[in-house]
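# Coordinate inspection notes
Below, each chain spelled out in residue letters.
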Amino acid sequence: MGPSEHLYSQLVGWAKIILPLGALALLSTLFLFARSTPDQDDITVATVEAIAREQRVSAPEFSGVTDDGAVIVISAATARPDTDRPDTMSINDMRLRMDNADGSSVEVTATEGEVDGRGQIARFLGLARLITSDGYQMETNGLIAELSTGRITSDGLLEIRAPFGDLTAGKVTFQSAVDGKAQEILFTDGVRLLYNPQTP
């Protein structure tokens, strides 16, 4: 066996030892890197578990008919049951549409709200906006809608843009059309009107 063959056999022998050790070193490095960033996986798992515990529903929609025949549809971005009140759903980005039997309609929106299934009541919390099909636009700090009757009542002061001018009032009450009568809008508690005459 010549020197070159002897050197070759030594290299092969060392390679049989060094290469497996190098592979082990590389594998151990990969495991170290994999273990050094577990936080993202933990956060993801924790978030998923939190969502599962919340029993949150995405894009829910509730619908029904009032005693007077008006169709009410409530939709939202998310809804989840209230742990303290089993019959109540807490809702984000809440929207209500009521189509009356006479063809008129009302839309109410708020960033937060709740629906009481047992009491048949929808509450719009915080700033709520109301728009009617006949040209009324209102903003108030909360509204209550009685789902069985279609009656909608404001919680406090409100500002109204009407076809004939601007109003402020302490309270407004909507009554859906009934017995052949059109929808009624009643403003009370200190009503002020700025009349804007319409040009012919």
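Residues numbered from 1 in each chain as written. Predicted model: local features only at pLDDT ≥ 70, side-chain atom pairs only at ≥ 80, totals over all residues. Heavy atoms only, no water.

### Details of the pattern of salt bridges
For the coordinates displayed, the defined rule picks out eight salt bridges. The closest approach of N and O atoms between Arg97 and Asp99, which form a salt bridge, is 3.0 Å. For Arg97, a relative accessible area of 34% corresponds to the partly exposed category. With a relative accessible area of 30%, Asp99 lands in the partly exposed category. The salt bridge involving Arg123 is made with Glu114; its shortest N-O contact spans 3.2 Å. Given the relative accessible area of 10%, Glu114 is considered buried. One network of salt bridges, with partners in common, ties together Asp82, Arg85, Glu114 and Arg123. (Salt bridge = Lys/Arg side-chain N within 4 Å of Asp/Glu carboxyl O. Buried < 20%, exposed > 50% of the residue type's maximum accessible area, 1.4 Å probe, protein only.)

### Details of the pairing of strand β12 (residues 171-175)
Consecutive residues of a regular strand have side chains that alternate between opposite faces of the sheet. Relative to β12, strand β9 (residues 152-154) runs antiparallel, the two sharing two bridges. Across the sheet, the residue bridging to Thr153 is Thr173, located in β12. Bridge count between β12 and strand β13 (residues 184-188): five bridges; the pairing is antiparallel. Within the sheet, the bridge partner assigned to Phe174 lies in β13 and is Ile185. (Pairing = 2+ DSSP bridges. Helix = DSSP H or I, 4+ residues; strand = E, 2+ residues; numbered from the N terminus.)

### Examining the packing of aromatic side chains
Considering all chains together, one arrives at two aromatic pairs under this definition. Ring geometry for Tyr136 versus Phe164: centroids 6.1 Å apart, planes at 75°, classification edge-to-face. With Tyr136 in the loop between β7 (121-132) and β8 (137-146) and Phe164 in the loop between β10 (158-162) and β11 (165-169), this pair connects stretches of sequence that are 28 residues apart. Classification of Tyr136 by relative accessible area gives buried; the value is 14%. A connected cluster of aromatic rings, assembled from ring pairs, spans Tyr136, Phe164 and Phe187. (Phe/Tyr/Trp six-rings, centres within 6.5 Å; stacked < 30°, edge-to-face > 60°.)

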